[in-house]
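Examining the three-dimensional arrangement
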Protein chains: 2
Amino acid sequence: MNMLSRKASHDSHGQDSSYFLGWQEYEKNPYHPIQNPTGIIQMGLAENQLLLPGNKRRKYINMLSFDLLKSWLRRNSDIVGMKKDGISVFRELALFQDYHGLPALKNELVDFMAKIRENGIKFASEKLVLTAGATPANEILMFCLADPGEAFILPTPYYPGFDRDLKWRTGVEIVPMHCSSSNGFRITSSALEQAYQQAQKLNLKIKGVLVTNPSNPLGITMTKTELNHLVDFAIDKNIHIISDEIYSGTVFDSPKFVSITEVVNERITTVNNNSITSIWNRIHIVYGFSKDLGIPGFRVGMIFSNNETVVAAATKMSSFGLVSSQTQYLVANLLKDKKFTCKHMEETQKRLKRRKEMLVSGLRNAGIRCLKSNAGLFCWVDMRHLLGSATTFEAEKELWMNILCKVGLNISPGSSCHCCEPGWFRVCFANMSEDTLEVAMRRIKAFADSITISTSVVRGSIAKWEN
Amino acid sequence: MNMLSRKASHDSHGQDSSYFLGWQEYEKNPYHPIQNPTGIIQMGLAENQLLLPGNKRRKYINMLSFDLLKSWLRRNSDIVGMKKDGISVFRELALFQDYHGLPALKNELVDFMAKIRENGIKFASEKLVLTAGATPANEILMFCLADPGEAFILPTPYYPGFDRDLKWRTGVEIVPMHCSSSNGFRITSSALEQAYQQAQKLNLKIKGVLVTNPSNPLGITMTKTELNHLVDFAIDKNIHIISDEIYSGTVFDSPKFVSITEVVNERITTVNNNSITSIWNRIHIVYGFSKDLGIPGFRVGMIFSNNETVVAAATKMSSFGLVSSQTQYLVANLLKDKKFTCKHMEETQKRLKRRKEMLVSGLRNAGIRCLKSNAGLFCWVDMRHLLGSATTFEAEKELWMNILCKVGLNISPGSSCHCCEPGWFRVCFANMSEDTLEVAMRRIKAFADSITISTSVVRGSIAKWEN
């Protein structure tokens, strides 16, 4: 079965249908405060943006911290115009296609990544591989570390896009590791072991574990305890760890972000034995600027790895998705302005925190709880009590459809993230204005109240809301 | 065997060793008219550039038509600064990650591609897929059209990079179709059939033929006769045709460029039967701006296909290598200026023709003939008479090593392009100044003369040349 057939089967894959259906409904009837106040509010997009669909020209509004970026660009028109000290560098850039990337960009990346980690660890620039976004970075690591039919363990709930990004062209399999609400969806040694045993039963060779830290969709950073479980497990099974840290700059609350590299580094300093030092070669970080700087259109991602062979292979593979040199130059100079990046990150985190608190209190007001979170552009929301008596994925889907079509909010059902407990939803809060968020909260409160008052009526009727 | 091991075996692959060795020698001892007049001249790079390696800052010199591009950018600083009618569009661009690409760019591409084909055919913009250069475009088509272990026929000599680009991550095989000097390396029905039979003996399922038109390394456009052979063959075997037309804007001499799409279109107009119309679904074009506009660093490539399923799958796959929206905006506006693109192309072709004539007459003066060419940034050069009595690939390698290390010219041996006749070389002429080309010609003449005078002496001695 070639990619075309596999593509077709992918499209009909149940886990993704909510995403496409949600988008479709949203595009047909997008919310606008004046022109379409009863339209659907997009809360399914983990981005600093709101895209207003339209026939002629697409409009974006209310981006978090976009004012800061725009003002930087105004002050640095020479950089944007591909100049250096007043002289054009267009020719050099247009011709630059070294897949090792612009040294200036890689050096700045090293500093920026260290800054996010509060200088707990500093990567070497020769261990960085530039990729056209984080999507190819993850796929490249799959190509490097596993053969078709081999597998990676992913803790659930996980980012729905991984089903395509990691598996489609590589033939690699995903073995879900089930986390549960009982411990706040934390990774445990026993759950890791259970996933491993499950893989063995299925005759799948496990090549590693891939985590997102901070987690998408949970909006939480991993604890040192979890990271240590992960390292112990990888040492024990002699497998790799991929840590996708694309949200590491969005941590807006304590506890602070801890990267897996810091945990390993700490261990090496205290216990210097072979198994600890050799794990260094099996740890690979994915990062990008789509979330932390909010520039997904510019396609700047990267892999960091201490494994020379992986770096060499990944660098060659990056030729299938290089970052435009024009963009490399712009981002290198943006990162070089450390005063700016500090301020941008601080301000973004402050705004995210405020927005998240609005969401949490709005939901609380509607009798809905969220998992306590400290990062990301979304909350992991517990609506199990709204499922009624049937705590099934069918009931979750029905609730999701009601919230989409009747309440007018496009959120993501937990099943799309392979969550094993029905009734959880990912709700994004960064891609809308505060006013829109307030409208969304009023709507969800009216809906929740109507269910609480009379479940039998709600199931069949249309929820009412204020504008 | 996973990608890491395959990578290692790829590196030791004989066909590529000349490329790496040539680069290595060049980087150690690059020619400079004043600082290093006896250094190696880089004639192995099919680009409009010369990169001078250096410790501090890399310098590029003497690009063909780069003056035109730079002057366009000076006149359009608003575009470069991501403005539209004086208003910044940075935010829209930074957030734009629709893998369908900027509509403005796709519309301009349609016009530009039609222009190159003298309006013989016009592609529809919804049948274009944007990719980060032509490299991922070719790989994506392999992923779409073939399963691991299935094969594509490639006429030899072919671009050495295909061995990696088409095979590495896809697991697709290449079956070489041998063209010979006897008919100027043209594609014949019998050679196609022979390759097909050869594949069957090897138990390889042929999914299609991939050609480069204009040919890299031959520097020639395909004739209508060849294109018709190809179409007949694809109809007969029910297989695909991929035509990589990345050099289609470099055709500097008659006969004019004819795309496979034009041939099929013509047939459909005259003979409207099912087999002809269904072949439309199996024809796929690859294009990009690395050669025709000389901006490889910007990574703008594309696929054109009439096959809706291929377009849908390829569009999704393009998320593994999207074009930066910043660059999409710049290129869209560059193409929109039709007066500029016309002038740029005319001027580039004029300069290429002049440069190529310098090369040909220089080589003729040294008693060396080239295949008559009309396109590309290189000539296909016949040095069989310099091999001596042993017309083997070992002798070709020895000659290549002599030309590299003793004559000081880095050219590409035919064996790296899988040519089946020893003694042919690809010599690039666009990435150097006319003065440097003259130096190269004087050197090769001195070398050829010394061989002609006394073969036995030359084999062991160092060739002398003027500066």
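This one's a predicted model, so the numbers in the text were calculated from it and none came from an experiment. (Residues numbered from 1 in each chain as written. Chains lettered and ligands numbered in written order. Predicted model: local features only at pLDDT ≥ 70, side-chain atom pairs only at ≥ 80, totals over all residues. Heavy atoms only, no water.)

Section: unusual backbone geometry
Following Thr-156 of chain B, the chain continues into Pro-157 of chain B via a peptide bond in cis, with omega recorded as -5°. Along the chain, Pro-157 of chain B turns up in the loop between strand 7 (151-156) and helix 8 (162-165). Along the chain, Asn-216 of chain B connects to Pro-217 of chain B via a cis peptide bond; the corresponding omega equals 25°. Positioned with a positive phi, Asn-238 of chain A is a non-glycine residue whose angle comes to about 60°. As for its placement among the helices and strands, Asn-238 of chain A is situated in the loop between helix 10 (224-237) and strand 10 (240-244). Of the residues examined, Asn-238 of chain A reaches a relative accessible area of 54% and is grouped as exposed. The phi dihedral of Asp-85 of chain B is positive, around 50°, even though this residue is not glycine. Along the chain, Asp-85 of chain B turns up in the loop between strand 4 (83-84) and strand 5 (87-88). A residue is classified by how much of its surface remains accessible, and Asp-85 of chain B, at 74% relative accessible area, is exposed. (Helix = DSSP H or I, 4+ residues; strand = E, 2+ residues; numbered from the N terminus. Buried < 20%, exposed > 50% of the residue type's maximum accessible area, 1.4 Å probe, protein only.)

Looking at the nonpolar core
Ranked by size, the top nonpolar core spans 172 residues in total, and within it Phe-289 of chain A together with Phe-289 of chain B carry the most contacts. Ile-40, Leu-387, Ile-411 and Met-441 of chain B belong to the second-largest nonpolar core, a separate cluster that totals 151 residues. (Core = buried A, V, L, I, M, F, W, Y, C linked by side-chain atoms within 4.5 Å.)

What about the pairing of strand 14 (residues 378-382) of chain A?
Residues and elements named next belong to chain A. With respect to burial, strand 14 is a largely interior element, five of its five residues being buried. Residues Phe-378, Trp-380 and Asp-382 line one face of strand 14 and the alternating positions Cys-379 and Val-381 line the opposite face, and both faces are buried. The sheet contact formed by strand 13 (residues 369-370) and strand 14 spans two bridges and is antiparallel. Following the sheet pairing, Arg-369 is matched in strand 14 by Asp-382. (Pairing = 2+ DSSP bridges.)

Quick word on the interface of chain B and chain A
With 70 residues of chain B in contact, the opposing surface of chain A contributes 70 residues. The junction of chain B with chain A conceals about 6,500 Å² of combined surface from both sides, 62% of it contributed by carbon and sulfur atoms. Per-residue buried area on chain B facing chain A is highest for Leu-95, Arg-169 and Phe-320 of chain B; these three make up 13% of the total on that side. Where chain B packs against chain A, one counts one salt bridge. The partner of Arg-169 of chain B in a salt bridge is Glu-139 of chain A, with the nearest N and O atoms 4.0 Å apart. For the side of chain B that touches chain A, the class distribution of residues is 36 nonpolar, 16 polar and 18 charged. (Contact = heavy atoms within 4.5 Å. Buried area = accessible area lost by both parts, 1.4 Å probe. Salt bridge = Lys/Arg side-chain N within 4 Å of Asp/Glu carboxyl O. Nonpolar A, V, L, I, M, F, W, Y, C, P; charged D, E, K, R; others polar.)

Looking at the relation of the copies chain B and chain A
Superposing chain B onto chain A requires a rotation of 180° together with a translation of 0.0 Å along the rotation axis, leaving an RMSD of 0.0 Å. The operation mapping one copy onto its partner corresponds to a two-fold rotation axis. Taking the C-alpha atom as reference, chain B places Gly-321 of chain B closest to the rotation axis, 2.0 Å from it. An overlap of 100% is found between the interface residues of chain B and their copies at the interface of chain A, pointing to a shared contact surface. (Least-squares fit on C-alpha atoms with pLDDT ≥ 70 in both.)

A few points about the packing of helix 10 (residues 224-237) of chain B against helix 11 (residues 260-270) of chain B
Residues and elements named next belong to chain B. Across the interface, helix 10 lies against helix 11 with an axial gap of 10 Å and an inter-helix angle of 70°. The angle between helix 10 and helix 11 places the two elements in the roughly perpendicular class. On helix 11, the residues touching Lys-224, Leu-227, Asn-228, Leu-230, Val-231, Asp-232 and Ile-235 of helix 10 are Ile-260, Val-263, Val-264, Glu-266 and Arg-267. For the contact of helix 10 with helix 11, the per-class residue count stands at seven nonpolar, one polar and four charged. (Axes fitted to C-alpha atoms, helices over the stretch in contact; angles between N-to-C directions. Parallel < 35°, antiparallel > 145°, perpendicular 65-115°, else oblique.)

A look at the domain arrangement of chain A
Residue and element names in this part refer to chain A. Per the domain assignment, the segments making up chain A are domain 1 (16-67 + 339-452) and domain 2 (79-336). Averaged C-alpha coordinates put domain 1 and domain 2 at centres separated by 27 Å. Roughly 3,100 Å² is buried in total at the junction of domain 1 and domain 2, and carbon and sulfur atoms are behind 62% of that figure. Ranking the residues of domain 1 by area buried against domain 2 places Met-345, Asn-374 and His-418 at the top, with a combined share of 20%. (Domains from an automatic or database assignment.)

Regarding a positive patch on the surface
Residue and element names in this part refer to chain A. A surface patch of like charges, here positive, comprises Arg-74, Arg-75, Lys-339 and Lys-343. Looking at the positive patch, the elements with two or more residues in it are helix 3 (66-75) and helix 15 (338-365). With respect to the helices and strands, Arg-75 occurs in helix 3. On the basis of relative accessible area, Arg-75 is assigned to the exposed category, the value being 53%. (Patch = residues over 30% accessible without salt bridge, like charges linked within 9 Å, V, L, I, M, F, W, Y side chains within 5 Å. Areas by Shrake-Rupley, 256 points an atom, 1.4 Å probe, with all protein chains shown as cover. Lys, Arg positive; Asp, Glu negative; His and termini not counted. Charge placed at Lys NZ, Arg CZ, Asp CG, Glu CD.)

Topic: the packing of aromatic side chains
All names here are of chain B. One pass over the structure, following the stated rule, counts 28 aromatic pairs over all chains. Between Trp-72 and Phe-340, the aromatic rings sit 6.1 Å apart at their centres with planes inclined by 40°, giving tilted as the arrangement. In this pair, Trp-72 sits in helix 3 (residues 66-75) while Phe-340 sits in helix 15 (residues 338-365), placing the two residues 268 residues apart along the sequence. Phe-340 shares its class with Trp-72; the two are buried. Both rings, one in Phe-185 and one in Trp-424, keep their centres 5.0 Å apart while their planes meet at 90°; by these two values the pair is edge-to-face. (Phe/Tyr/Trp six-rings, centres within 6.5 Å; stacked < 30°, edge-to-face > 60°.)

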